[in-house]
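# Descriptive structure summary
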Amino acid sequence: MRRAVCPGSFDPITNGHLDIIARASRLYDEVYVAVMINKSKKGLFEIEERIELIRQVTTDYTNVRVEAFHGLLVDFCKQRDIPAIVKGLRAVSDFDYELQMAQMNVGLTGVETLFVPTNPTYSFLSSSLVKEVAAWGGDVSHLVPAPVMEALNERLRKD
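Notes on the structure in this doc start here. (Residues numbered from 1 in each chain as written. Predicted model: local features only at pLDDT ≥ 70, side-chain atom pairs only at ≥ 80, totals over all residues. Heavy atoms only, no water.)

## Notes on the environment of Gly137
The condition is simple: The numbering of helices and of strands both runs from the N terminus, where a helix is a DSSP run of H or I of at least 4 residues and a strand a run of E of at least 2.
If you trace the backbone, Gly137 turns up in the loop between helix H5 (127-135) and helix H6 (146-158). Separated by 16 residues in sequence, Gly137 and Asn153 place their C-alpha atoms 9.3 Å apart.

Spelled out as structure tokens, the structure:
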């Protein structure tokens, strides 16, 4: 069975993330979406909320599993016998950072990283940008799946 992981904070998941996950799900038998837990960072959504949103928007992909992880991604991979990390690249600046991470990961455990060029439609897109625009009342409905838009609206009304 061919396995891969798509890691990230997904706070919240965007259409750009979903595009990478969908493409990975066509290439691999099993794709894990690993939601990073960073206790030093306060996200807009709690980890459980992110996982639930990702599960909702990936229901069409029967080979996608969603789990939280804390620590080194390569340890997550080793525990699940995952030999590949799939990462989307938006720009050259992404590549500089991700290449260093990929080289470290393969050096630590032999886990390979595959870079997927982002769909040009989403080349500017980030969760941070979505949150900022939404917080100021901007329309981000074309940038996130409908359940995420609903959750964003609800969360921002509370704050």
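## A look at the nonpolar core
Heads up, the rule is: As used here, the term nonpolar core means buried Ala, Val, Leu, Ile, Met, Phe, Trp, Tyr and Cys residues forming a set that is joined through side-chain atoms within 4.5 Å. The buried label goes to any residue with under 20% of its type's maximum accessible area, the exposed label to any with over 50%, and the partly exposed label to all in between, with areas taken from a 1.4 Å probe on protein chains only. Here, residues are in contact when the closest pair of their heavy atoms is within 4.5 Å.
If you look at the biggest cluster of nonpolar residues, it comprises 35 residues, and the most contacted ones within it are Ile13, Val86 and Leu152. Residue assignment for this core shows that the elements contributing at least two residues are strand E1 (3-8), helix H1 (15-27), strand E2 (30-36), helix H2 (47-57), strand E3 (64-69), strand E4 (84-89), H5 and H6. It is H2 that contributes the most residues to this core, 5 residues altogether. Aside from chain neighbours lying at most four places away, what touches Ile13 is Leu18, Ile21, Ile54, Val57, Val144, Pro145 and Val148. In this structure, Leu73, Val74, Cys77 and Ile82 belong to the second largest nonpolar core, which totals 11 residues.

## Description of the pairing of strand E5 (residues 112-117)
To keep things clear, this is the line we draw: In this description, strands pair whenever DSSP reports at least two bridges between them. Handedness is read with the strands pointing away from the viewer; a crossover is right-handed when the path from the first strand over the helix to the second is clockwise.
Where E4 and E5 come together, 6 bridges link them in parallel fashion. The residue of E5 that forms the bridge with Leu89 is Pro117. Chirality of the crossover, the property in question, places the unit of E4, helix H4 (residues 92-109) and E5 among those that are right-handed.

## Overview of the packing of aromatic side chains
Filter applied, for reference: Between 30 and 60 degrees the pair is tilted, below 30 it is stacked and above 60 it is edge-to-face, where a pair is any two Phe, Tyr or Trp rings, Trp via its six-membered ring, whose centres lie within 6.5 Å. Only when the NZ of Lys or the CZ of Arg is both within 6 Å of the ring centre and within 35 degrees of the ring normal is a charge said to sit over the ring.
The final tally for this structure, using the stated rule, is 3 aromatic pairs. With a centroid separation of 6.1 Å and 85 degrees between ring planes, the pair formed by Tyr32 and Phe76 is classed as edge-to-face. Of this pair, Tyr32 sits in strand E2 while Phe76 sits in helix H3 (residues 73-80), placing them 44 residues apart in sequence. Side by side, Tyr32 and Phe76 carry an identical accessibility label, which is buried. With 5.7 Å between their ring centres and 55 degrees between their planes, Phe69 and Phe76 make a pair best called tilted. In this structure Phe76 comes out as buried when scored by relative accessible area, which is 3%. Ring pairs connect the aromatic residues Tyr32, Phe69 and Phe76, which therefore count as one cluster. Between the NZ or CZ atom of Arg80 and the centre of the ring of Phe76, over which it lies, the distance is 3.7 Å.

## Here we look at the pattern of salt bridges
Applicable threshold: Criterion for a salt bridge: a side-chain nitrogen of Lys or Arg within 4 Å of a carboxyl oxygen of Asp or Glu.
Summed over all chains, the structure comprises 12 salt bridges. Arg90 is the partner of Asp94 in a salt bridge, and the nearest nitrogen-oxygen pair spans 3.1 Å. By relative accessible area, which is 37% here, Arg90 ends up partly exposed.

## Observations regarding the side chain of Thr14
If you trace the backbone, Thr14 turns up in the loop between E1 and H1. A residue is classified by how much of its surface remains accessible, and Thr14, at 2% relative accessible area, is buried. With residues near it in sequence (within four places) discarded, Thr14 still touches Leu125, Ser126, Ser127, Val130, Leu143, Val144 and Pro145.

## Describing a nonpolar patch on the surface
In plain terms, the rule: Within this analysis, patches are made of residues with over 30% relative accessible area and no salt bridge. Like charges are joined at 9 Å or less; nonpolar side chains (Val, Leu, Ile, Met, Phe, Trp, Tyr) at 5 Å or less. Note on areas: Shrake-Rupley with a 1.4 Å probe; residue coverage comes only from the protein chains shown.
Judged by side-chain polarity, Leu72, Met104 and Leu108 come together as a nonpolar surface patch covering roughly 300 Å² of accessible area. Tracing the sequence through the fold places Leu108 in helix H4. Residue Leu108 is classed as partly exposed on the basis of its relative accessible area, which comes to 48%.

Everything listed is a geometric property; what it means functionally is a separate question.
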